[in-house]
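Commentary on secondary and tertiary structure
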Amino acid sequence: MARKVGVSEATVSRVLNGKPGVSDQTREAVLTALDVLGYERPTKLRGERARLVGLVLPELQNPIFPAFAEVVGGALAQQGFTPVLCTQTAGGVSEADYVELLLGQQVSGIVFAGGHYAQRDATHDHYERLTGRHLPVVLINASIEDLPFPRVSCDDEVAIEQAVGHLASLGHTRVGLVLGPVDHVPSERKLHAARAVAQRLGLELRDDQVVRSAYSLESGQAAATRLIKAGVTGIVCASDPLALGAIRAARRAGLRVPDDISVVGYDDSAFMNCTEPPLTTVRQPIEPMGRAAIDLLVNQINGASVPQEELLFEPELVVRGSTAPAPASRPA
């Protein structure tokens, strides 16, 4: 490397060890040669040149993820970092592939907002690779328990308590849930909380009133169709797109929302106040969550210790036009 740059081995050593006495131009030349020759930068020099931070998202169709990207990107820019957005697509680049790509770019850290860490049955080998590299990482929202990364989460249990409690206050006794896959940790938490709330309030929550679904409008429609056949009068969904699918299912069944059936979403993503009817939903506090995630990441990058406990943020029920008092005439 010294020969390629045209400097002494001692100069290369000073750059790699972060020692003074080297001009900025020479330091930049050595780091560039390090990248070109395929060597891995020392941890303390990782991302030094471009101050890059990876932001890995599962999709962009759900508007909550672009919202998180906007908050996280803005917070990174304020700290002098540049986000590298990595979005998974069906049959395209996987989360593990993106991790390899980001490691090759010598990023200073990675933020994950939704991903395999929230699924018990998914592969987690790439997270172990990040742990072995001691790369700063922050996870947004609930994950499996044995990953040693700081987490910033919306409180799923409080969210479901707010949603189910709202329907109960309107007289609904037969409430259905549209949740994510069985191995999805946030959905596990929501279901646990829903059963506790149902028991406390004397609500009916049979097994056929809980339907698992992929996170899409079409999947929400299919799941809600099953719940309507089960005789529920209120549906709580694990995302806003699922809730929009539930509203479509109700209309296809000849039901009016909210007169015949009420629907509650989750996230309060963009334009949910512009739907017909405007969607009652539980708002994730994405602004403080995103900023807290970047604070944790930057503190790690700067060598500071950060709490490993999950930071839970309180959601907020936003009541709009998709919920109303329970109808008296629908049979179970």
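Heads up: these notes are all about the structure in this document. (Residues numbered from 1 in each chain as written. Predicted model: local features only at pLDDT ≥ 70, side-chain atom pairs only at ≥ 80, totals over all residues. Heavy atoms only, no water.)

1. Quick look at unusual backbone geometry
- The residue after Val257, namely Pro258, is reached through a cis peptide bond having omega 10°.
- With respect to the helices and strands, the residue Pro258 is situated in the loop between helix 10 (240-252) and strand 9 (262-267).
- The residue His134 is not glycine, and still its phi comes out positive at about 55°.
- Here His134 shows up in the loop between helix 6 (125-133) and strand 4 (137-140).
- Accessibility expressed as a relative area gives 64% for His134, which makes it exposed.
- Not every positive phi belongs to a glycine, and Phe271 is a case in point at roughly 70°.
- Assignment of secondary structure puts Phe271 in the loop between strand 9 and strand 10 (280-283).
- Among the residues examined, Phe271 registers a relative accessible area of 63% and is labelled exposed. (Helix = DSSP H or I, 4+ residues; strand = E, 2+ residues; numbered from the N terminus. Buried < 20%, exposed > 50% of the residue type's maximum accessible area, 1.4 Å probe, protein only.)

2. As for the sheet that holds strand 2 (residues 82-87)
- Strand order in the open sheet formed by six strands is 2-1-3-4-5-11, and the pairing between neighbours is parallel. At either margin of the open sheet sits one strand with a lone partner, and together these are strand 2 and strand 11 (311-313). Neighbour to neighbour, the strand axes of the sheet diverge by 20° on average, direction disregarded.
- Relative to strand 4, helix 11 (residues 286-301) is tilted by about 165°, and along the sheet it contacts strand 1 (52-57), strand 3 (109-113), strand 4, strand 5 (151-154) and strand 11. (Pairing = 2+ DSSP bridges. Axes fitted to C-alpha atoms, helices over the stretch in contact; angles between N-to-C directions. Contact = heavy atoms within 4.5 Å.)

3. Quick notes on the pairing of strand 2
- Inspection of the sheet shows strand 1 paired to strand 2 by six bridges, in the parallel sense. Bridge pairing in strand 2 places Gly54 opposite Val84.
- Running through helix 4 (residues 64-78), the crossover from strand 1 to the neighbouring parallel element strand 2 is right-handed. (Right-handed = clockwise from strand over helix to strand, strands pointing away.)

4. A word on the nonpolar core
- Leu177, Ile235 and Val236 are the most contacted members of the largest nonpolar core, which has 70 residues in total.
- Viewed by domain, this core spans two of them, domain 2 (52-154 + 285-314) and domain 3 (156-284), each represented by three or more residues.
- Each residue touching Val236, except ones within four places of it in the same chain, is listed here: Ile160, Ala163, Val164, Leu167, Val175, Gly176, Leu177, Val178 and Val264.
- Ranked by size, the runner-up nonpolar core spans 22 residues in total, among them Leu52, Tyr98, Phe112 and Tyr127. (Core = buried A, V, L, I, M, F, W, Y, C linked by side-chain atoms within 4.5 Å. Domains from an automatic or database assignment.)

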